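What the coordinates show
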Amino acid sequence: GTVTSVAVADEQSPGPVGMTREDVAAIWGAVERLYATGMHPGISMVLRRGGRVVLKRAIGHARGNGPGDADETPEPMTPDTPVCIFSASKAMAAMPLHLLSERKELSLLGPVSHYLPEFGQNGKRDITIYQLLCHKAGIPPVPTDGVDIGELLLDRREILRIICATAPDKPGQHHAYHALTSGFVVAALVEKITGRSFRTFFREQIS
């Protein structure tokens with residue numbers, strides 16, 4: 001069954017920071033729906049607003065509920081379970097696109113190639129920004145044969161050229177993690193639409 005752990009002593013009333021308990025319940029409901037997809041064996045979430053912790057909960061298992069865990073005794077995840085986080089910057093990178101969408105400066109349902117025509121090569125013309133953010137754009141991994149990947153990752157122009165030249169793998173049809181690719185396209189979109197460097201836009205508008 002579903003395992004939920006709530007840090008009751010840490011959660012504070014959301015009223016003083018302009019939220020209702022229904023708001024908090026709706027956010028947690030979205031987490032429960034994500035867990036119900038079966039993609040994640042466990043999810044831990046802390047939501048802080050205006051300095052107050054309004055939600056601190058976990059659902060699922062820390063171990064014993066993932067691929068290859070059949071022999072392990074399931075261990076419930078709690079808000080205090082340590083989690084090794086990779087790609088935390090992906091959520092931060094997506095924030096400027098959501099901000100631009102909110103300001104009606106781009107459409108998340110619009111094709112990436114509308115803003116970055118070079119991205120539309122080799123069957124990628126209709127891939128949307130939404131698909132890019134959901135890891136459903138079908139962008140294949142960057143070829144690394146005979147390449148110093150460390151050096152390549154520092155050459156944004158070259159890696160973007162490689163990404164734009166690739167053919168996609170079943171775009172929009174399945175979820176496949178864009179580990180070292182989506183961030184470069186996201187940054188290029190922000191820069192094309194705002195006329196500012198990604199770092200500058202992020203610093204001025206978000207951080």
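Quick caveat: nothing in here was measured; it's all calculated off a predicted structure.

1. A word on the overall build of the protein
Helices and strands together make up the secondary structure of the protein, namely 8 helices and 4 strands. Taken from N to C terminus, the helices and strands of the protein fall in the order β-α-β-β-β-α-α-α-α-α-α-α. For the C-alpha atoms alone, the extent of the protein along its principal axes is close to 50 × 45 × 30 Å. A separation of at least 24 residues holds for 60% of the contacts in the protein among residues at least 6 apart in sequence. Put simply, the protein shows about 12400 Å² of open surface, and 53% of that area lies on carbon and sulfur atoms. Each charge class in the protein was averaged separately, 22 positive and 22 negative side chains, and the resulting centres sit 7 Å apart.

2. Regarding the side chain of Gln131
Locating Gln131 in the fold gives a position in helix 4 (residues 129-133). With near-sequence residues (within four places) excluded, Gln131 lies in contact with Asp126, Lys136, Ala137 and Gly172.

3. Considerations on the pairing of strand 3 (residues 52-63)
With 9 of 12 residues buried, strand 3 is to be regarded as a mostly interior element. Two elements, strand 1 (residues 4-6) and strand 3, share 3 bridges in a ladder whose sense is antiparallel. Bridging across to strand 3, Thr4 finds its partner in Ile59. Relative to strand 3, strand 2 (residues 42-49) runs antiparallel, the two being bridged by 8 bridges. Note on strand 3: the bridge partner recorded for Leu47 is Leu55. Taking the residues between adjacent antiparallel strands as the criterion, strand 2 and strand 3 are bridged by 2 residues, where Gly50 takes a positive phi near 55 degrees. As paired strands, strand 3 and strand 4 (residues 75-76) are joined by 2 bridges and run antiparallel to one another. Paired with His61 across the two strands is Pro76, which belongs to strand 4.

4. Focus on the environment of Phe198
Take Phe198: it is sitting in helix 8 (residues 198-205). Along the primary structure Phe198 and Val53 are separated by 145 residues, whereas in three dimensions their C-alpha atoms are 30 Å apart.

5. A word on the packing of aromatic side chains
Inspection of the entire model under this criterion finds 1 aromatic pair. Ring geometry for Phe198 against Phe202: centres 6.1 Å apart, planes inclined by 25 degrees, an arrangement best described as stacked. With Phe198 and Phe202 both in helix 8 and 4 residues apart, this pair spans about one turn of that helix. Owing to a relative accessible area of 16%, Phe198 belongs among the buried residues under this scheme. Of note, Lys124 hangs over the ring of Phe119, and the distance from its end group to the ring centre comes to 5.2 Å.

6. As for the nonpolar core
One finds Val112, Phe119, Ile129, Leu132, Ile163, Val185 and Leu189 to be the most contacted residues of the largest nonpolar core, which totals 32 residues. Elements represented by at least two residues in this core include exactly helix 2 (88-102), helix 3 (112-115), helix 4, helix 6 (156-165), helix 7 (182-194) and helix 8. Per-element tally for this core: the top contributor is helix 7, with 7 residues. Setting aside residues no more than four positions away along its own chain, Val185 makes contact with Val112, Leu116, Phe119, Leu132, Ile139, Leu160 and Ile163. Counting residues in hydrophobic clusters, the runner-up holds 10 residues, among them Val17, Met19, Val24 and Leu55.

Cut-offs used in this document
- Residues numbered from 1 in each chain as written.
- Predicted model: local features only at pLDDT ≥ 70, side-chain atom pairs only at ≥ 80, totals over all residues.
- Heavy atoms only, no water.
- Helix = DSSP H or I, 4+ residues; strand = E, 2+ residues; numbered from the N terminus.
- Contact = heavy atoms within 4.5 Å.
- Areas by Shrake-Rupley, 256 points an atom, 1.4 Å probe, with all protein chains shown as cover.
- Lys, Arg positive; Asp, Glu negative; His and termini not counted.
- Charge placed at Lys NZ, Arg CZ, Asp CG, Glu CD.
- Buried < 20%, exposed > 50% of the residue type's maximum accessible area, 1.4 Å probe, protein only.
- Pairing = 2+ DSSP bridges.
- Phe/Tyr/Trp six-rings, centres within 6.5 Å; stacked < 30°, edge-to-face > 60°.
- Lys NZ or Arg CZ within 6 Å of the ring centre and 35° of its normal.
- Core = buried A, V, L, I, M, F, W, Y, C linked by side-chain atoms within 4.5 Å.

All quantities given are derived from atomic positions and should not be read as evidence of function.
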